[in-house]
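Structural characterization, general
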Amino acid sequence: MASDALGRLFDVSIGWAPVDAQTAQTGKRVSLRNAGGCTILVIKAAGTDGDDHSYNLKQHTASADGTSADLDIISVYYLKTETTLDGDETWSRLTQTAASEITEAGGAGTSAQHQQIIAIEVDARQLSAGYDYISLDSGGEGSNAQLSTCIYLLRDLAVQRTPANLAAPLS
């Protein structure tokens, strides 16, 4: 059994690599068949006023193609936000009516101007019957460059292994 946290407690996969978020991003899919859930992390750079980001959580029946549907479960998400993230910020717990979307994380019309870390929790039991995969998409926001990335942290692994022997997150 692995003694490192990677492979024992969690696995990591990419939703989208660092990219200019003014172009919409279709998040890569990740399977929850071998995990109890996933913490989705979005990290974005500060940008220009009005270029506020939006996100959409989806569920899928297959690793490619198949049937896709919005996953309307986001009623709580967590946010760290500052003009410059420097480690002294704390998490804010934000609530909304359950939906698949988050529009302008943190509200107040200033999210574009801040660096942010957004954490969205997905429990595998929240997926509809027949759906094993999730993804997070980002809408194309504004006309100014603003970098973002999305990382999936798969947790509560069904089988714990050394990192080199973990099943691929898409399988």
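Please refer to the structure placed before this passage.
Numbering of residues starts from 1 in each chain and follows the order in which that chain's sequence is written. For this predicted model, a pLDDT threshold of at least 70 governs which residues receive local features, and a threshold of 80 or more governs which side-chain atom pairs are given and counted, while totals over whole chains, interfaces and linings are taken from all residues. With hydrogens and water excluded, all non-hydrogen atoms of the structure serve as input to the side-chain values.

We now examine the side chain of Asn56. Relative to the elements of secondary structure, Asn56 occurs in strand S4 (residues 54–60). Within the local environment of Asn56, its side chain forms a polar contact with the side chain of Asp70, the two groups lying 3.2 Å apart. Residues contacting Asn56, with those up to four places away along its chain left out, are Asp70, Ser100, Glu101, Ser135, Leu136 and Asp137. The helix count covers DSSP runs of H or I at least four residues long, the strand count covers runs of E at least two residues long, and both are numbered beginning at the N terminus. We call two N or O atoms a polar contact when they sit within 3.5 Å, provided that within protein one can donate a hydrogen and the other can accept it, with sequence-adjacent residues counted only if both atoms are side-chain atoms. The contact criterion used is simple: two residues touch if any of their non-hydrogen atoms lie within 4.5 Å.

In these notes, a set of buried Ala, Val, Leu, Ile, Met, Phe, Trp, Tyr and Cys residues joined through side-chain atoms within 4.5 Å is what counts as a nonpolar core. The buried label goes to any residue with under 20% of its type's maximum accessible area, the exposed label to any with over 50%, and the partly exposed label to all in between, with areas taken from a 1.4 Å probe on protein chains only. Membership of the largest hydrophobic core comes to 27 residues, with the highest contact counts inside it found for Ile40, Leu57, Ile118, Ile120, Val122, Ile134 and Leu136. Sorting the residues of this core by element identifies strand S3 (35–44), S4, strand S6 (74–82), strand S9 (115–123), strand S10 (133–138) and strand S11 (147–157) as the ones contributing at least two each. When neighbours within four sequence positions are excluded, Leu57 is seen to be in contact with Ile40, Asp70, Leu71, Ile73, Ile74, Ser100, Val122, Ser135 and Leu136.

Each salt bridge in this description consists of a side-chain nitrogen of Lys or Arg and a carboxyl oxygen of Asp or Glu lying within 4 Å of one another. By the definition in use, this model includes five salt bridges. Here Asp132 and Arg33 are joined by a salt bridge, their closest N and O atoms 3.9 Å apart. Of this pair, Asp132 sits in the loop between S9 and S10 while Arg33 sits in the loop between strand S2 (30–31) and S3, placing them 99 residues apart in sequence. Here Lys58 makes a salt bridge to Asp137, at a shortest N to O gap of 3.1 Å.

Let's shift gears to the pairing of S3. Among the ten residues in S3, eight count as buried, and that is most of the element. One requirement defines pairing of two strands: DSSP has to find at least two bridges between them. Two strands pair when backbone bridges link them, and S3 and S9 are joined in this way by eight bridges, in the antiparallel orientation. Bridge pairing in S9 places Gly37 opposite Asp123.

Let us now look at the layout of surface pockets. Cavity: a set of points on a 1 Å grid over the protein atoms alone where a 1.4 Å probe fits but cannot get out. Pocket: an open set with protein on both sides within 12 Å along at least five of seven lines, its lining residues, like those of a cavity, having an atom within 4 Å of a point. Grid points are joined across faces, edges and corners, and a volume is the space filled by probe spheres set on the points. In this structure, the largest pocket occupies an estimated 170 Å³ of space. Contributing to the lining of the largest pocket are 14 residues, with Asn34, Leu157, Val159, Leu166 and Ala167 lying nearest its centre.

Before going further, it helps to spend a moment on the state of the cysteines. Only a pair of cysteine sulfur atoms within 2.5 Å qualifies as a disulfide here. Summed over the entire model, instances satisfying the criterion amount to zero disulfides. In this structure Cys38 is not part of a disulfide, and its nearest cysteine sulfur, from Cys150, lies 8.0 Å away. For Cys38, a relative accessible area of 0% puts it in the buried group.

Hydrogen bonding along the main chain pairs the strands of a sheet, whether they run parallel or antiparallel. Ordered by their spatial adjacency, six strands build an open sheet running S1-S11-S3-S9-S6-S7, and the pairing between neighbours is antiparallel. Each edge of the sheet is formed by a strand with only one pairing partner; in this case those strands are strand S1 (10–20) and strand S7 (92–99). If you compare each strand with its neighbour and ignore which way they point, the axes differ by 20° on average. In this sheet, S9 lies alongside S6 in antiparallel orientation, the contact comprising five bridges. Across the sheet, Lys80 pairs through a bridge with Ile117, a residue of S9. Axis lines are fitted through C-alpha atoms, for helices just across the contact stretch, and the angle between N-to-C directions can take any value from 0 to 180 degrees.

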